[in-house]
Amino acid sequence: MSKRKLVAIGVISWIAFHGLIFLGGAVFGGSIEALTHFGQESGEKEIHCQEDEVAIHGGLEDWYDPDLPLECVNIEEFPELFSPPTPVTGKAWVMAPTPTPTPTPAPTPQPTPLATPQPTPEPIAGQNIQIALSFYTCPPFCLGDTMANGNGVHESAVACGYGLETGQRFSFRGVEYVCEDRGAASNPAYWVDFWLPNHEVGYAWQAEVGMSGEITLLE
């Protein structure tokens, strides 16, 4: 082979070798560009922030939108990320106390009006009146003790209820008497209390006449 042919073959080989290298570089570079372009279309890109910055989707204005690209934001301009939550002030819930029932006052009893006493009719001479009978004796009421009319107690003395006037004369079992003394106001209006010398005589007399009897009024 001549020297001229050898040189031609060497030149062609060199051109072919470098052509292959150029073609491989173009293909590889295009692949990288395509991959980079695909990454950009997917919304994600590599971002490098400073030490005092943080990457946030949408930056300060739209940081809550994850569809926006990342932006570096200074930490001091976005304190909400790192500041402690603000305490909520207000009133604590407290169980309301159970109300104490107010006692209902008992109604004040109304006093029962007393019956109006009926006036006692005036005794008429010769009238027969049914009366309550009793006796009193010594002690405690002895002969000479002062009676309601000022006279001293005597053997035929009697005390009368307030239905009979002091000084009223009447007869009982054929014997005449005069109302000279008084008993308690709670006794019946028509009541006569006979003085007797002692209890033995009084009990015997009460057993004979009973607890009530009839008197005849005298003038």
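Residues numbered from 1 in each chain as written. Predicted model: local features only at pLDDT ≥ 70, side-chain atom pairs only at ≥ 80, totals over all residues. Heavy atoms only, no water.

Novice: Can you help me understand the packing of aromatic side chains in this one?
Specialist: Given two aromatic rings, their pairing is described by the distance between the two centres and the angle made by the two planes. Applying the stated rule across the entire model yields six aromatic pairs. Centroid distance Phe172 to Phe194: 5.4 Å. Interplanar angle 35°. Geometry classified as tilted. Note that Phe172 is positioned in strand β5 (residues 169-172) and Phe194 in strand β7 (residues 191-195), a separation of 22 residues in sequence. On the basis of relative accessibility, which here comes to 4%, the residue Phe194 falls in the buried class. One residue, Arg182, lies across the ring of Tyr162, its end atom 4.7 Å from the ring centre. (Phe/Tyr/Trp six-rings, centres within 6.5 Å; stacked < 30°, edge-to-face > 60°. Helix = DSSP H or I, 4+ residues; strand = E, 2+ residues; numbered from the N terminus. Buried < 20%, exposed > 50% of the residue type's maximum accessible area, 1.4 Å probe, protein only. Lys NZ or Arg CZ within 6 Å of the ring centre and 35° of its normal.)

Novice: Looking at this structure, how should I read the sheet that holds strand β8 (residues 212-218)?
Specialist: Hydrogen bonds between backbone atoms are what pair the strands of a sheet, whose relative direction is either parallel or antiparallel. With respect to topology, six strands assemble into a closed barrel ordered β3-β7-β4-β6-β5-β8, the strand pairing being mixed. For this sheet, the mean inter-axis angle between neighbouring strands, taken without regard to orientation, is 45°. Bridge count for strand β3 (residues 128-136) against β8 is five bridges, and the pairing is antiparallel. Bridge pairing links Asn128 to Thr216 in β8. In this fold helix α2 (residues 199-209) packs onto β3, β5, β7 and β8, with an angle of close to 155° to the strand it touches most, β3. (Pairing = 2+ DSSP bridges. Axes fitted to C-alpha atoms, helices over the stretch in contact; angles between N-to-C directions. Contact = heavy atoms within 4.5 Å.)

Taken by themselves, the reported measurements are silent on function.
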